[in-house]
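# Structure assessment
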Amino acid sequence: MVDQTNTQPTPKPRRGAALKQAAAPLVGAASDLAHEAKVALTEKASVLQAKAQEGYGVARQEARKRLGEAETFVQERPYASLAIAAFAGFLIGHIISSAKTNVVYLRDER
């Protein structure tokens, strides 16, 4: 006669559950650290944004001031303004044309 007692193997402890339980404090600490880093970066970003807006405002006021000065100069000295514009155009054209490579073709003297 065959012995029909319960011969199922004893269940092994699951490694995944043990690893999850062991890693839980590390996951919590990493989550807390990530949250703290996010808060710190958000604060720094808002400070930098405020500084950038302040700098933009100063630069915009300075640009408007310079524009007013340039308009006054052009109205008071139109010929000097024309000469300055022509000279600037000449310099820009010279710089652009000198940036191109010059190719010289030599002929064979036969």
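Residues numbered from 1 in each chain as written. Predicted model: local features only at pLDDT ≥ 70, side-chain atom pairs only at ≥ 80, totals over all residues. Heavy atoms only, no water.

## So, the overall build of the protein
When helices and strands are tallied, the protein shows two helices and zero strands. A burial count over the protein gives 1% of its 110 residues as buried. For the protein, the accessible surface area stands at approximately 11200 Å², while carbon and sulfur atoms represent 62% of it. (Helix = DSSP H or I, 4+ residues; strand = E, 2+ residues; numbered from the N terminus. Buried < 20%, exposed > 50% of the residue type's maximum accessible area, 1.4 Å probe, protein only. Areas by Shrake-Rupley, 256 points an atom, 1.4 Å probe, with all protein chains shown as cover.)

## Observations regarding the packing of helix α1 (residues 15–76) against helix α2 (residues 78–98)
Here α1 crosses α2 at 110 degrees, and the two axes come no closer than 5 Å. It follows from the interaxial angle that α1 and α2 lie roughly perpendicular. Touching Phe73, Val74, Gln75 and Glu76 of α1 are Pro78, Ala80, Ser81 and Ile84, all from α2. Residues of the contact of α1 with α2, tallied by class, amount to five nonpolar, two polar and one charged. (Axes fitted to C-alpha atoms, helices over the stretch in contact; angles between N-to-C directions. Parallel < 35°, antiparallel > 145°, perpendicular 65-115°, else oblique. Contact = heavy atoms within 4.5 Å. Nonpolar A, V, L, I, M, F, W, Y, C, P; charged D, E, K, R; others polar.)

## Details of the side chain of Ser81
As for its position among the elements, Ser81 is in helix α2. Using a relative accessible area of 13% as the deciding quantity, one classes Ser81 as buried. A polar side-chain atom of Ser81 sits 2.8 Å from the main-chain carbonyl oxygen of Arg77. (Polar contact = N/O pair within 3.5 Å; in protein donor to acceptor, adjacent residues only side chain to side chain.)

## Quick notes on α1
In an α-helix there are 3.6 residues to a turn, and that puts residues three or four apart on one side. Over its 62 residues, α1 runs 88 Å from end to end, which matches the ideal 92 Å to within 8%, given 1.5 Å per residue. Taking the largest bend as the criterion, α1 deviates by roughly 40 degrees, centred on Ala23, and proline Pro25 comes between one and four positions later. (Expected span 1.5 Å × (residues − 1). Bend = angle between axes of the 7 residues up to and from the residue.)

## Describing the pattern of salt bridges
Counting across every chain of the model gives two salt bridges. Two residues, Glu62 and Arg66, come together in a salt bridge whose shortest N-O distance is 3.0 Å. Taken together, the residues span about one helical turn, with Glu62 and Arg66 both in helix α1 at a distance of four residues. The salt bridge partner of Arg66 is Glu69, with a shortest N-O separation of 3.3 Å. Linking Arg66 with Glu69, this pair stays in helix α1, spanning three residues, or about one helical turn. (Salt bridge = Lys/Arg side-chain N within 4 Å of Asp/Glu carboxyl O.)

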